[in-house]
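Take a look at the letters that make up each chain.
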Amino acid sequence: MRCSEVKNNLVDYAVGILKSEEITSHIEICESCRVEFEGIKKIVLVLNEYKIEEPSEFYWAGFLPRVKQKIAQRQSGTKLFALKPAFVAPALAILIIGFLFGLGSSNLFVNSDEFYATHMPDFGLNGVLIDPSEFKDVNTETIEQAVLYLYDKYQIPSIGDGEYDHMDIDIEEVLEKISNKF
Amino acid sequence: MVNKTDIELVNDFKNGNISAFDEIVRRYQKKVYLLARRILSNHEDADDVAQEVFIKLFYSLNEFKGESNLFTWIYRITINECNSILRKRKIREFIPIDEIVNLLKFNETPEQEFINKEEKRLIEKAIEKLPPKQRAVFVMRFFENLDYEEISKILKKPVGTLKANYFHAVKKIQRFIKDEMQ
């Protein structure tokens, strides 16, 4: 066995996961490799003491929801810039203003499972939706302004994490702004 | 769901069952985090990487053809994300190295716990000095106990190259610690 080959296996040998009579014999007769081996043995002892403090169970409990929220945020970011009529099916007749986790339905906040089903089946997301059918005369630019206003003021879609709760959203104010074209 | 194989979960996901993704995250979250944590040496970066890995996985899982293990694929994404962080961010400096060395020289003092932390920081410092590829090989081999065949699939490098990388990585760590302690 050549020295280079021995050295390439020396760490595994020092750690103990590699048993090799060839290396054992080589080390006995080759001083250079023996010195190398003694040095590596010492550093392996030091490295074996290196332990990482793992995050708490609390961290792990929140990990998946955080991943899903980020996925939702990226999806909503896409939607924000996809509000032009060409991208929104006319039959849908709803304006998407954000994705949120865990929102129940109400008069103002409508479950959107059906819509999201086309994008993220069974992902369990709810959205904040406004039905703009009553704003037939409202142009796309105004709707986009409304969306940006909501994103900016209420930090949608991170509303659950911020200082606002989804119930804080003053929909009447937004509707008035839409009517007045801001 | 927990009893399903990786490939079954991937197929479930492709068929629209998003909860299969949840199970994949739960199955690999700690492995991904720990790999990133050991490569990047701090929680914040490891947390960012771990989340990003699963977000990327979510968007790319439909393209997974099963030609390699899901595990290999996830680790490859993790290594790429770590390398991206290493390129973009300057890893924050820990306490001055002289202070660590001084503490190590008196490692029989009663403040053993504190000293162990400093020893840990010295090791992290040594690992941080490794070039990204050597660092990845070292962490996967030494701490994750992956065999060379697996690492070869993840990094797409021949086993011989990996063995040499591993040996040189350990030698550099050894040299760094020795130099700092003199």
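Residues numbered from 1 in each chain as written. Chains lettered and ligands numbered in written order. Predicted model: local features only at pLDDT ≥ 70, side-chain atom pairs only at ≥ 80, totals over all residues.

It is worth spelling out the overall build of chain B at this point. Regarding its fold elements, chain B presents nine helices and zero strands. Counting from the amino terminus, helix and strand elements in chain B follow one another as α-α-α-α-α-α-α-α-α. Taken across its 182 residues, chain B has 37% of its residues classed as buried. The long-range share in chain B, meaning contacts at least 24 apart out of those at least 6 apart in sequence, stands at 62%. (Helix = DSSP H or I, 4+ residues; strand = E, 2+ residues; numbered from the N terminus. Buried ≥ 20, exposed ≤ 12 C-beta atoms within 10 Å, placed from the backbone. Contact = placed C-beta atoms within 7 Å.)

The secondary structure content of chain A amounts to eight helices and two strands. Counting all 182 residues of chain A, 26% fall into the buried class. Sequence separation of at least 24 residues holds for 69% of the intrachain contacts in chain A that already meet a minimum separation of 6.

Okay, the interface of chain A and chain B next. The interface of chain A with chain B comprises 25 residues on the first partner and 28 residues on the second. The dominant element in the side of chain A that touches chain B, judged by the number of residues it contributes, is helix H5 (residues 57-80) of chain A, at seven residues. Partitioned by chemical class, the residues of the side of chain A that touches chain B number 17 nonpolar, three polar and five charged. (Nonpolar A, V, L, I, M, F, W, Y, C, P; charged D, E, K, R; others polar.)

This part takes up helix H8 (residues 148-155) of chain B. All names here are of chain B. Of the residues making up H8, those classed as buried are Ile151, Ile154 and Leu155. Projected onto a plane normal to the axis of H8, the buried residues spread over an arc of 80° and lie on a single side. The inward-facing, buried residues of H8 abut helix H4 (70-88), helix H7 (132-143) and helix H9 (159-181). One or two steps after H8, the chain reaches Lys156, where phi turns positive at roughly 60°. (Arc of directions from axis to C-beta.)

Residue and element names in this part refer to chain B. Running from N to C, H4 and H8 cross one another at 60°; their axes reach a closest spacing of 8 Å. Relative to H8, the element H4 lies oblique. Of the two elements, H4 crosses H8, and the hand of that crossing is right-handed. Of the residues in H8, those in contact with Thr72, Tyr75, Arg76 and Ile79 of H4 are Glu150, Lys153, Ile154 and Leu155. Residues that form the contact of H4 with H8 fall into these classes: four nonpolar, one polar and three charged. (Axes fitted to C-alpha atoms, helices over the stretch in contact; angles between N-to-C directions. Parallel < 35°, antiparallel > 145°, perpendicular 65-115°, else oblique. Left-handed = near helix turned anticlockwise from the far one by under 90°.)

To continue, consider the nonpolar core. Counting residues in hydrophobic clusters, the biggest one holds 65 residues, and the most contacted among them are Ala36(B) and Val170(B). The leading source of residues in this core is helix H2 (residues 19-40) of chain B, at eleven residues. When residues no more than four places from it in sequence are discounted, the contact partners of Val170(B) are Val11(A), Ile40(A), Ile43(A) and Phe138(B). (Core = buried A, V, L, I, M, F, W, Y, C linked by C-beta atoms within 7 Å.)

Time to look at unusual backbone geometry. The phi angle at Asn145(B) is positive, at roughly 55°, despite the residue not being glycine. Looking at the secondary structure, you find Asn145(B) in the loop between H7 and H8.

When two helices pack together, their arrangement is given by the angle between the helix axes and by the axis-to-axis distance. Residue and element names in this part refer to chain B. Put simply, H2 and H4 touch, their axes get as near as 10 Å, and they point 35° apart. The chirality of how H2 crosses H4 is right-handed. Contacts between H2 and H4 pair Tyr28, Val32, Leu35, Ala36, Ile39 and Leu40 from the former with Ile74, Tyr75, Thr78, Cys82 and Ile85 from the latter. Partitioning the contact of H2 with H4 into residue classes produces ten nonpolar, one polar and no charged.

The next point concerns the confidence of the model for chain A. Mean pLDDT for chain A: 64, with 47% of residues reaching 70 or above. For the stretch residues 157-161 of chain A, pLDDT sits under 50, and the model shows 14 contacts to residues farther than four places along the chain or on other chains. (pLDDT = per-residue confidence, 0-100.)

Between its first and last C-alpha, H9(B) extends 33 Å over 23 residues, near the 33 Å set by a 1.5 Å rise per residue. All of the buried residues in H9(B) are Leu162(B), Lys163(B), Asn165(B), Tyr166(B), Phe167(B), Ala169(B), Val170(B), Ile173(B), Phe176(B) and Ile177(B). (Expected span 1.5 Å × (residues − 1).)

Right, let's talk about the environment of Lys153(B) for a bit. Residue and element names in this part refer to chain B. In this structure, Lys153 sits in helix H8. Judged by the 17 C-beta atoms lying within 10 Å of it, Lys153 falls in the partly exposed class. Distance from Lys153 to Arg76, taken between C-alpha atoms, is 8.6 Å for residues 77 residues apart in sequence. Contacts of Lys153, omitting those with residues within four sequence positions, involve Ser68 and Thr72.

Regions with low pLDDT carry predicted coordinates that are not meant to be interpreted in detail. All names here are of chain B. Put simply, chain B has an average pLDDT of 85, and 85% of its residues get 70 or more. Across chain B, element-level confidence peaks in H8 with a mean pLDDT of 95 and bottoms out in helix H5 (residues 97-105) with 46. If you check the scores for this complex, the pTM reads 0.64 and the ipTM reads 0.79.

Residues and elements named next belong to chain B. With respect to the element layout, Ser152 can be found in helix H8. For Ser152, a count of 18 C-beta atoms within 10 Å translates into the label partly exposed. Distance from Ser152 to Val137, taken between C-alpha atoms, is 9.3 Å for residues 15 residues apart in sequence. Among all residues touching Ser152, those that are not within four sequence positions of it are Lys157, Pro158, Val159 and Leu162.

Below, the discussion takes up the environment of Asn62(B). All names here are of chain B. As for its position among the elements, Asn62 is in the loop between helix H3 (43-60) and H4. Looking at Asn62, the number of C-beta atoms within 10 Å reads 9, which means it is exposed. For the pair Asn62 and Phe13, spaced 49 residues apart in the sequence, the C-alpha separation amounts to 7.7 Å.

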